[in-house]
Amino acid sequence: MATPLPPVWRHAVRAWLCVAAAAALWLATAPSWAGEASAPVGSSPWREQMGRWLDGEVAKQLQGATADLPLRAEIEVGTLDPRLQLAPCRRVEPYLPAGTRLWGRSRIGLRCAEGPTPWNVFVPIHVRVWGPGWVLRRPVAPGETLGPEHAEAAEVDWTAYREAVLVRPQDWQGLQAVRGLGAGQVLRTGVVRAPQVFEPGSTVRLRLEGPGFVVMATGEALGHGRIGEPVRVRLPNRRILVGTVLDAQTVVLTL
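K.L.:
Quick question: what am I supposed to make of the state of the cysteines here?
P.N.:
A covalent bond between the sulfur atoms of two cysteines is referred to as a disulfide. Across all of its chains, the model carries one disulfide by this definition. Two residues share a disulfide in this structure: C89 and C112, whose sulfurs sit 2.2 Å from each other. Judged by the torsion about the S-S bond (105°), the C89/C112 disulfide is right-handed. Here C89, found in the loop between β1 (72-77) and β2 (91-95), pairs with C112, found in strand β3 (residues 104-114); they are 23 residues apart in sequence, far enough to count as distant. Note on C112: relative accessible area 11%, which makes it buried.

K.L.:
Just checking my understanding: could you explain the nonpolar core for this structure?
P.N.:
When a protein is soluble and globular, its nonpolar side chains tend to lie buried together. M50, I108 and L110 are the most contacted members of the largest nonpolar core, which totals 27 residues. Of all the secondary structure elements, the ones that give two or more residues to this core are α2 (44-62), β3, β4 (120-136) and β5 (151-157). Contacts of I108, omitting those with residues within four sequence positions, involve M50, W53, L54, Y95, L96, P97, L102, V121, F122, V123 and I125. Counting residues in hydrophobic clusters, the runner-up holds 14 residues, among them W134, A151, A153 and L166.

K.L.:
Quick question: what am I supposed to make of the pattern of salt bridges here?
P.N.:
Note on pairing: side chains with opposite charge can pair once their charged atoms come close. If you walk through the whole model with that rule in mind, you get 16 salt bridges. Taking the shortest distance from any N to any O, the salt bridge between K60 and E57 comes out at 3.3 Å. Taken together, the residues span about one helical turn, with K60 and E57 both in helix α2 at a distance of three residues. Relative accessible area serves as the criterion here: at 15%, E57 is assigned to the buried category. With a shortest N-O distance of 3.4 Å, R91 and E114 are connected by a salt bridge. Linking R91 in strand β2 with E114 in strand β3, this pair joins segments that are 23 residues apart in sequence. For R91, a relative accessible area of 16% corresponds to the buried category. One network of salt bridges, with partners in common, ties together R90, R91, E93, R111 and E114.

Cut-offs and rules
Residues numbered from 1 in each chain as written. Predicted model: local features only at pLDDT ≥ 70, side-chain atom pairs only at ≥ 80, totals over all residues. Heavy atoms only, no water. Disulfide = S-S within 2.5 Å. Helix = DSSP H or I, 4+ residues; strand = E, 2+ residues; numbered from the N terminus. Buried < 20%, exposed > 50% of the residue type's maximum accessible area, 1.4 Å probe, protein only. Core = buried A, V, L, I, M, F, W, Y, C linked by side-chain atoms within 4.5 Å. Contact = heavy atoms within 4.5 Å. Salt bridge = Lys/Arg side-chain N within 4 Å of Asp/Glu carboxyl O.

Geometric values such as these leave the question of function open.
And the structure:
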């Protein structure tokens, strides 16, 4: 049976479905911007055209990349450099420069496709993507183990952080705070880690797994052992291998 989403996420799902339906309706009925006369660059109608085009481009980049999580985007279109003197243009085409990711602060290109003098300029934009996450209810000390009582579900801005936002409870419950964390802080991959289960110098079992075989060996751990994280193990013949910590006594290496 699927685990039900917290109430705040259910509200986000309904909001996302409404946005998706509206976007689909617009895509089905609106004319192509590239085929119609553009409103003057910077005008209110132009910004509406730009917003609709960006909505579609952001939806394309998010589609299939977030495991069907409920996300919503907020797009802020910046202004052109006021020192620019652009020639009149009947049709302005927006485009994404190669490799552009519509995430956080970015830019888009504008080029004159129909006018006496061709030109090409760039406009700054800011894309915020809101999705499910967890925020701390109270301060947490370094090394403190997190449990359900520490955090609550919330909608957070994923683009505000370099690290991935933790979405599932199992992504952080039972893990320890890497450093002191404040109330209201969003839980991310870089602020929690697995608990330590053995020290450097501990004797551990190294389980080597390959196609159709399993070999067990004993070795010395050369680093702190944290479940799910890599650690180096030195075998009796002095060879050093790197495996993943399975539990307080076992390190697994898949060949």
